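So you can see what is in the structure, the chains are spelled out below.
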Amino acid sequence: MKAIRRFTVRPVLPEPLRPLSDLARNLRWSWHTETRELFQAADPEGWRPADADPVRLLGAVSATRLAELAGDQRFLRRLTEVSEDLREYLGGPRWYQNQLSQGAELPAAIAYFSPEFGVTAALPQYSGGLGILAGDHLKAASDLGVPLIGVGLLYRHGYFRQSLSRDGWQQEHYPVLDPNELPLTLLREADGTPSRVVLALPGGRSLYASVWQAQVGRVPLLLLDSDVEENAPGERDVTDRLYGGGSDHRLLQEMLLGIGGVRAVRTYCRLTGHEAPEVFHTNEGHAGFLGLERIRELSETGLDFDAALEVVRAGTVFTTHTPVPAGIDRFERQLVARHFGDDGELPGVGVERILRLGMETYPGGEPDLFNMAVMGLRLAQRANGVSTLHGAVSREMFSGLWPGFDPSEVPITSVTNGVHAPTWVAPEVLRLGAGTFGSERTENALAGAEVGRQTGADGAAGTPRRWDAVTAVADREIWDLRRGLREQLVTEVRKRLYASWRRRGAGTAELGWIDGVLDPDVLTIGFARRVPSYKRLTLMLHDRDRLRELLLHPTHPIQIVVAGKAHPADDGGKRLVQELVRFSDDPRVRHRIVFLPDYGMGMAQKLYPGCDVWLNNPLRPLEACGTSGMKAALNGCLNLSVRDGWWDEWYEPDFGWAIPTADGSATDEERRDELEANALYELIEGRVAPRFYDRNAEDLPERWIEMVRRTLITLGPKVLAGRMVREYVERLYAPAARSRRALEPKAAGELAAWKAKVRAAWPQVAVDHVEASADTVVGGSAELGSTLALRVRIALGGLDSEDVEVQVVAGRVDSGDAIAEAQTFPLKPAGGHDLEDRWLYEGPLALDRTGPYGYTVRVLPAHRLLASGAELGLVAVPNAATGDGGGVLLR
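Residues numbered from 1 in each chain as written. Predicted model: local features only at pLDDT ≥ 70, side-chain atom pairs only at ≥ 80, totals over all residues. Heavy atoms only, no water.

Some points on unusual backbone geometry
This is how it is decided: Numbering of helices and strands starts at the N terminus; helices are DSSP runs of H or I of at least 4 residues and strands are runs of E of at least 2.
That bond from Arg-620 to Pro-621 is cis: its omega, 5°, falls within 30 degrees of zero. Its place among the elements puts Pro-621 in the loop between β20 (613-616) and α24 (628-633). Positive phi, normally seen in glycine, also occurs at Glu-284, with a value near 75°. Relative to the elements of secondary structure, Glu-284 occurs in the loop between β9 (279-283) and α11 (290-299).

What to know about the pattern of salt bridges
The cut-off we apply is this: Any Lys or Arg side-chain nitrogen found within 4 Å of a carboxyl oxygen on Asp or Glu counts as a salt bridge. Think of it in three bands: residues with accessible area under 20% of the maximum for their type are buried, residues over 50% are exposed, and the middle band is partly exposed, with areas taken using a 1.4 Å probe on protein chains only.
Counted under the stated rule, the structure contains 67 salt bridges. A salt bridge links Glu-579 to Arg-544; the nearest nitrogen and oxygen atoms lie 2.8 Å apart. Of the two residues, Glu-579 is situated in helix α22 (residues 571-584) and Arg-544 in helix α21 (residues 544-551); the sequence distance between them amounts to 35 residues. One salt bridge in this structure joins Asp-699 and Arg-695, with 3.7 Å as the shortest N-O distance. On the accessibility criterion, Arg-695 (27% relative accessible area) is partly exposed. The network of salt bridges with shared partners includes Arg-263, Glu-293, Arg-296, Glu-300 and Glu-345.

What about the environment of Thr-824?
Quick note on the threshold: Residue contacts are counted whenever heavy atoms from the two residues lie within 4.5 Å of one another.
With respect to the helices and strands, the residue Thr-824 is situated in strand β27 (residues 819-833). A relative accessible area of 38% means that Thr-824 is categorised as partly exposed. On a C-alpha basis, the gap between Thr-824 and Arg-395 in space is 19 Å, while along the polypeptide they are 429 residues apart. Residues within four places of Thr-824 in sequence aside, it is in contact with Gln-807, Val-808, Val-809 and Arg-858.

With respect to the packing of helix α20 (residues 475-503) against helix α23 (residues 601-610)
The condition is simple: Note on geometry: axes are lines fitted to C-alpha atoms, helical ones only across the stretch in contact, with angles between N-to-C directions running from 0 to 180 degrees. When an angle is under 35 degrees it counts as roughly parallel; over 145 it counts as roughly antiparallel; between 65 and 115 it counts as roughly perpendicular; any other value is oblique. What makes a crossing left-handed is the near helix being turned counterclockwise from the far one by less than a right angle; a clockwise turn instead makes it right-handed. Residues were grouped as follows: Ala, Val, Leu, Ile, Met, Phe, Trp, Tyr, Cys and Pro as nonpolar; Asp, Glu, Lys and Arg as charged; and all remaining residues, including Gly, as polar.
Orientation of α20 relative to α23, taken along the N-to-C sense of each, is 140°, at an axis distance of 8 Å. One finds that α20 runs oblique with respect to α23. Crossing of α20 over α23 shows left-handed handedness. Where α20 abuts α23, its residues Arg-482, Leu-485, Arg-486, Gln-488, Leu-489, Glu-492 and Arg-496 lie against Gly-602, Met-603, Lys-606, Leu-607, Pro-609 and Gly-610. A class-by-class count of the residues in the contact of α20 with α23 yields five nonpolar, three polar and five charged.

All quantities given are derived from atomic positions and should not be read as evidence of function.
Following this line, the structure appears as structure tokens:
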């Protein structure tokens, strides 16, 4: 018989145990070992069934046990210590506050929007790397004291749970999540009523949402929930599933995230007194509508649309995570138009103005599609990719928004992702660090908040000195630790594999073989991620006979643990999963290769530390970053990866292997897979496995252990989320805050008017004539070290010289006269304009390199409030037909 109503009965904690409630409600427990161990001690038997979730644990622990704990002086002392530690963590100054005290000009607060957040398995609001990255961003911000407010949606079904049918086909399950049973608090008004965010929908309807708050250390995370009584059934389901539904459903989710998210932030700041954000950071394009809501807010203060747009752009940061256009949300023009204007949201903002922000009105675009990433870029003055390579890919992919500029000049920078070490480093690794270097020193190193750093040869900050302390750890300690972690993984895999087979319909009598799955002394390779085709889950199966030989090698065997989810609508991805599962079901190899369903944070925290090698073999350059290998590295796992994402910029032979790629020589996909799969097999057979099994007289693989040590020393400080968040603060948040502060209403109006003037005049701006000193270039060549004296005549179409910058662009040229490794040099006005309204500019060009060399001249808009000369996407260059600005050959 089913209940007609469901609610949660909370335990009444005895007075001495009241601090347990505060500890359970702050998600710092998800990365703070002492807090987790305290809850485990409260109910050792209930900790595992509760999936290491203190809120569920406290809801299930018996009154008798609570009474025992209330009288247990040893437990109460531990409770006091952990509670005091949390109080100091929340209230004490950290890196950000120290920067402020030293005079740094930093934003009062930052709002960070993301469609998913992977903070803990106890709050399943994530699907993959984007959400885990967002969760790590919040945690690192908390550790550093960065005043961040996270904003997302609360999905009542989360992302799906995965199981397998008997024949290995992925099956999806959507458990119903009760917010009252999660580590969440409902945001309420002063009179106790739940706070509401409201959006207008076509036809006079409304979309209501409540706001739940998760506390991630020092950082509040606001999650909007449409499952409220005021909504009609269709609107109640807007936040039902992560990445579910059709276009209309997704559009409503993204409107609620962006527009509703800004309103939720305003409500939260009003109720709590939190500083209002000066900077808004949108993590991918899903939250792009937040810029429109902020334009509406500013319009109500008297600013017109163009001036408000400048203010919004100045304080917005946009991060793109996808290297392929297919990964971006795009909506039909008519669908977007229907939801805005007088019969929808933002009635004070013209529908055509809204549409122009997202339409693909550039060469190669589809002009009837509204592109969320394009809107994100047009509404943000600062944008970045998530690795150096991904930044370059993004500049190429979005170069149509900046016509006339080389992709290298497109104003999209990069901040390489990082991972939150306290979340992903195994407790055993932490204990080794604490025992060797001290708890505080280890904690500070993993937080990534260090200020005293060695300097690299290029003058950049290098390895923090405390990471070098790993050299003091004995080989035996490292190897015993690695074997212990591998043994734990074997136990975990057997348990999960048994449960998976039972769900697939197998009887107990069929499963005795699972007791022999994996061996704690065999080289263990891990591969776990989402399953889109470009990540190539089944590349390892390209030559199955050869893979079997590697798995069953008589002296150098390997074993592989695989996990991953395909999107519910991706049958191609599901077929890849089935292919891998069927291979791993083969009795000849099933003790050496396993597929574990339902990959998530809980599994990942066991998988990364227990593997010796982390495998990543995407189609280069389609992996934006690939942070799973970073998490593995922090546990002493070596990377075996295609040079894509973060591995492309930080790979060194001292601590891993690069899988050769055929992206430059093979255009046929099958041929490319064949070449790269063979390269993978050869690396494992010829280099990876032999090094693992090469032992000294003490049965230690000295060279392998040294690679583990180099991984920790060299990669450790680089892959930290603390390093990443510091870069965001210094390179993006602080400049955005300064730009926003400079745009008070009068300045914003002036900047908008100046841009309008420049855009109107630009068709008449031209490079009229370029000449160089005739005596420098003789016979098409010039001597190294000589100088060209350039004189350029420019038509400015009524603009003043202060409105533009005239530049020489020079560098080596290829066979097609394209300038590579370009350098720019400004030319200065040489007097006023003539009767034909032509301006004269001149300046020197030093010839400082040999070989084929060329230059050209260009005119860019210039204003003190622009973030870059490419910001407006306007440039004027010489007419190629005139021959002005040609190349010279230096010998």
